[in-house]
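Survey of secondary and tertiary structure
Residue-level listing of the chains:
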Amino acid sequence: MDTKAFLTDKRREILDAAEAGIRRNQLGHYARAGDREVRRRLRVLLDLLTEAAATRDLGPVAAYAGALAVERFDGGYDLSEVQSAFNALEEAVWSRIVAVAPADISEALGLVSTVLGAGKDALARTYVTLGTRARLPALDLRALFAGAAGA
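Residues numbered from 1 in each chain as written. Predicted model: local features only at pLDDT ≥ 70, side-chain atom pairs only at ≥ 80, totals over all residues. Heavy atoms only, no water.

1. Side note on the pattern of salt bridges
Taken as a whole and judged by the stated rule, the model has 15 salt bridges. A salt bridge links D16 to R39; the nearest nitrogen and oxygen atoms lie 2.6 Å apart. One end of the pair, D16, is in helix α2 (residues 11–24); the other, R39, is in helix α4 (residues 35–55), and 23 residues separate them in sequence. With its nearest N and O atoms 2.9 Å apart, the salt bridge here joins R39 to E19. Residue R39 is located in helix α4, and its partner E19 is located in helix α2; the two are separated by 20 residues in the primary sequence. For R39, a relative accessible area of 17% puts it in the buried group. On the accessibility criterion, E19 (10% relative accessible area) is buried. One salt-bridge network, held together by shared partners, links D16, E19, R23, D35 and R39. (Salt bridge = Lys/Arg side-chain N within 4 Å of Asp/Glu carboxyl O. Helix = DSSP H or I, 4+ residues; strand = E, 2+ residues; numbered from the N terminus. Buried < 20%, exposed > 50% of the residue type's maximum accessible area, 1.4 Å probe, protein only.)

Okay, structure coming up:
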């Protein structure tokens, strides 16, 4: 299967399904951004996925995800909310690949998972870095261990 051609051919279906997944998950910041903006964001990510599948170069996806993490972190988005958007796109792509070519899916699914996984990894690493630089209050775990001394 030519993954780039597949992603290009199924582009509208993938975007429709990913957008529906984001709405279904009721992601607060994405709901406030509006359908048009969510669609634009998904298009950017799908374009990066398509290009990375063709070139086997994860650099642009990782760079985008790192920059996106800074923007979303500063905007008050929770990491899980942003990763849910990546997951919605991944789910939309996977379901179409499996439906169209069940006998010839391993390379396509591997490419999609690798590319989006690299993006989610860059996203998470950047969020952790930003979170540790922010002066967040320390966690008080004493309540979790109340009564544990005698156990």
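2. Brief notes about the environment of G76
Take G76: it is sitting in the loop between α5 (59–74) and α6 (79–100). Placed 47 residues apart in sequence, G76 and H29 show a C-alpha to C-alpha distance of 8.6 Å.

3. What to know about the environment of E51
Topologically, E51 is positioned in helix α4. Overall, the relative accessible area of 41% leaves E51 in the partly exposed class. Expressed as a C-alpha distance, the spacing of E51 and K4, which sit 47 residues apart in the sequence, is 7.1 Å.

4. Some details on the confidence of the model for the chain
In the predicted model, the chain carries a mean pLDDT of 87, and 87% of its residues have values of at least 70. When pLDDT is averaged over each helix and strand of the chain, the minimum, 82, is found for helix α3 (residues 28–33) and the maximum, 96, for α5. (pLDDT = per-residue confidence, 0-100.)

5. Let's talk about the packing of aromatic side chains
Here the structure, examined in full by the defined rule, presents two aromatic pairs. Arranged with centres 5.5 Å apart and planes meeting at 80°, the rings of F73 and Y127 form a pair that is edge-to-face. Of the two residues, F73 sits in helix α5 while Y127 sits in helix α7 (residues 106–133), which places them 54 residues apart along the sequence. (Phe/Tyr/Trp six-rings, centres within 6.5 Å; stacked < 30°, edge-to-face > 60°.)

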